[in-house]
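Coordinates in review
Residues per chain, in single letters:
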Amino acid sequence: MNWNNFIWFALPAVILWFSAGIIVYRSQKRLADILMLCGIAVFAAFITGFWIHIERPPMRTMGETRLWYSFFLSSVGYLAYRRWKYPWLLSFSALVASVFVFINLFKPEIHSKNLMPALQSEWFVPHVTSYILSYAMFGAATIGAFVQLRKVHRNSYSDDKIFNFIDNIVYVGFGFLVLGMLMGAVWAKEAWGHYWSWDPKETWAFVTSMAYLAYIHIRLYGIYDKVALWALPIAFILLMITWIGVNYLPAAQGSVHVY
């Protein structure tokens, strides 16, 4: 299953996700569950088939990591919806996941079977998976932050249940982020002889982690709700710079993280 087959899996998955995101606001909750899960399954089927075709983990190029982001965000959004029962969690996570699907449709990349020696490591899959999973959780938390900000703006008070959701998913996401950084440090030691070199990607990853740590500390004081909520979109922008934007910076051209 090569990249040319992607459209035949991507469009059905997006249609299923959009349908679930609309139906979830009606009384047919079970149908929304089925549609969302079917969309996730269709998307997972392509990732599995593509992995088999290229004979390596599809995690090297930006397009391949966007595949995983769409998959994890739709999955995290669905699980969070099942746990906290907010319909907007399902619909917005489906929408954002679909945006990354369309980016891959409109900006296809060359996906070769070759994997450079530095990436032929047992740390490759867990490192990338941990990072992308944390990105998906932070994406869901950012959606929750915007919903909470809207409530604060309209009603002048925050919803403790939404804050409970945001806090918990940020805690878990931060755990995966730090785990990814630690595995990356061990991998860097094996590949290049040092744990940390303040490479542009590493520097921005550190800045991003500090932004989410700042949110956690602000929330631990139990005050400054608006400051905490605005910290999440800012942190997510830093995350996008770390993941995507840093590759376009002049200083990143000699980076060991640009493949």
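Placed above this text is the structure.
Each value, and the rule that gives it
- Residues numbered from 1 in each chain as written.
- Predicted model: local features only at pLDDT ≥ 70, side-chain atom pairs only at ≥ 80, totals over all residues.
- Heavy atoms only, no water.
- Helix = DSSP H or I, 4+ residues; strand = E, 2+ residues; numbered from the N terminus.
- Buried < 20%, exposed > 50% of the residue type's maximum accessible area, 1.4 Å probe, protein only.
- Contact = heavy atoms within 4.5 Å.
- Areas by Shrake-Rupley, 256 points an atom, 1.4 Å probe, with all protein chains shown as cover.
- Lys, Arg positive; Asp, Glu negative; His and termini not counted.
- Charge placed at Lys NZ, Arg CZ, Asp CG, Glu CD.
- Patch = residues over 30% accessible without salt bridge, like charges linked within 9 Å, V, L, I, M, F, W, Y side chains within 5 Å.
- Salt bridge = Lys/Arg side-chain N within 4 Å of Asp/Glu carboxyl O.
- Axes fitted to C-alpha atoms, helices over the stretch in contact; angles between N-to-C directions.
- Parallel < 35°, antiparallel > 145°, perpendicular 65-115°, else oblique.
- Left-handed = near helix turned anticlockwise from the far one by under 90°.
- Nonpolar A, V, L, I, M, F, W, Y, C, P; charged D, E, K, R; others polar.
- Expected span 1.5 Å × (residues − 1).
- Phe/Tyr/Trp six-rings, centres within 6.5 Å; stacked < 30°, edge-to-face > 60°.

What follows concerns the overall build of the protein. The helix and strand tally for the protein stands at eight helices and zero strands. Start at the N end of the protein and walk to the C end: the helices and strands fall as α-α-α-α-α-α-α-α. A total of 259 residues make up the protein; the buried ones form 53% of that total. Contacts in the protein between residues far apart in sequence, at least 24 positions, make up 77% of those at least 6 positions apart. Carbon together with sulfur atoms contributes 68% to the accessible area of the protein, which is approximately 12500 Å² in total. Averaging the positions of the 19 positive and the 12 negative side-chain charges in the protein gives two centres separated by 11 Å.

Together, Val 186, Tyr 195, Trp 196, Trp 198, Phe 206, Val 207 and Met 210 line one region of the surface with nonpolar side chains, adding up to about 620 Å² of accessible area. The greatest single-element share of the nonpolar patch, amounting to three residues, is contributed by helix 7 (residues 200–220). Following the sequence through the fold, Val 207 ends up in helix 7. Given the relative accessible area of 33%, Val 207 is considered partly exposed.

So, on to the packing of helix 6 (residues 160–192) against helix 8 (residues 225–243). Relative orientation of the contacting elements helix 6 and helix 8 amounts to 50°, with a least axis distance of 13 Å. With respect to helix 8, the axis of helix 6 lies oblique. The crossing of helix 6 and helix 8 is left-handed. Counting all contacts with helix 6, which are made through Phe 163, Ile 166 and Val 170, the residues of helix 8 involved are Asp 225, Leu 229 and Leu 232. Along the lines of polarity and charge, the residues of the contact of helix 6 with helix 8 split into five nonpolar, no polar and one charged.

It helps to recall that an α-helix has 3.6 residues per turn; residues three or four apart then point in one direction. Along its 21 residues, helix 7 runs 30 Å from first to last C-alpha, staying within 8% of the 30 Å computed at 1.5 Å per residue. Of the residues making up helix 7, those classed as buried are Lys 201, Glu 202, Ala 205, Thr 208, Ser 209, Ala 211, Tyr 212, Tyr 215, Ile 216, Ile 218 and Arg 219. Where helix 7 is buried, its residues contact helix 5 (124–155), helix 6 and helix 8.

Let us now look at the packing of aromatic side chains. As enumerated under the stated definition, the model contains 26 aromatic pairs in all. Measuring from ring centre to ring centre gives 5.5 Å for Tyr 135 and Trp 243, while their planes differ by 45°; the resulting arrangement is tilted. With Tyr 135 in helix 5 and Trp 243 in helix 8, this pair connects stretches of sequence that are 108 residues apart. Residue Tyr 135 shares its accessibility class with Trp 243, and that shared class is buried. Measuring from centroid to centroid gives 3.7 Å for Phe 138 and Tyr 212, while their planes differ by 10°, and the two rings are stacked. Of this pair, Phe 138 sits in helix 5 while Tyr 212 sits in helix 7, placing them 74 residues apart in sequence. For Phe 138, a relative accessible area of 0% puts it in the buried group.

Let's shift gears to the packing of helix 3 (residues 62–84) against helix 5. Contact geometry for helix 3 and helix 5: axes closest at 8 Å, N-to-C directions at 50°. With respect to helix 5, the axis of helix 3 lies oblique. Note on packing geometry: the crossing formed by helix 3 with helix 5 is right-handed. Facing Thr 65, Trp 68, Tyr 69, Phe 72, Leu 73 and Val 76 of helix 3, the residues of helix 5 in contact are Val 128, Thr 129, Ile 132, Leu 133, Tyr 135, Ala 136, Met 137, Gly 139 and Ala 140.

Within the secondary structure, Gly 180 sits in helix 6. Residues Gly 180 and Ser 134, 46 residues apart in the sequence, show an inter-C-alpha distance of 8.7 Å. Residue contacts for Gly 180: discarding those within four places in its chain leaves His 127, Ser 130 and Tyr 131.

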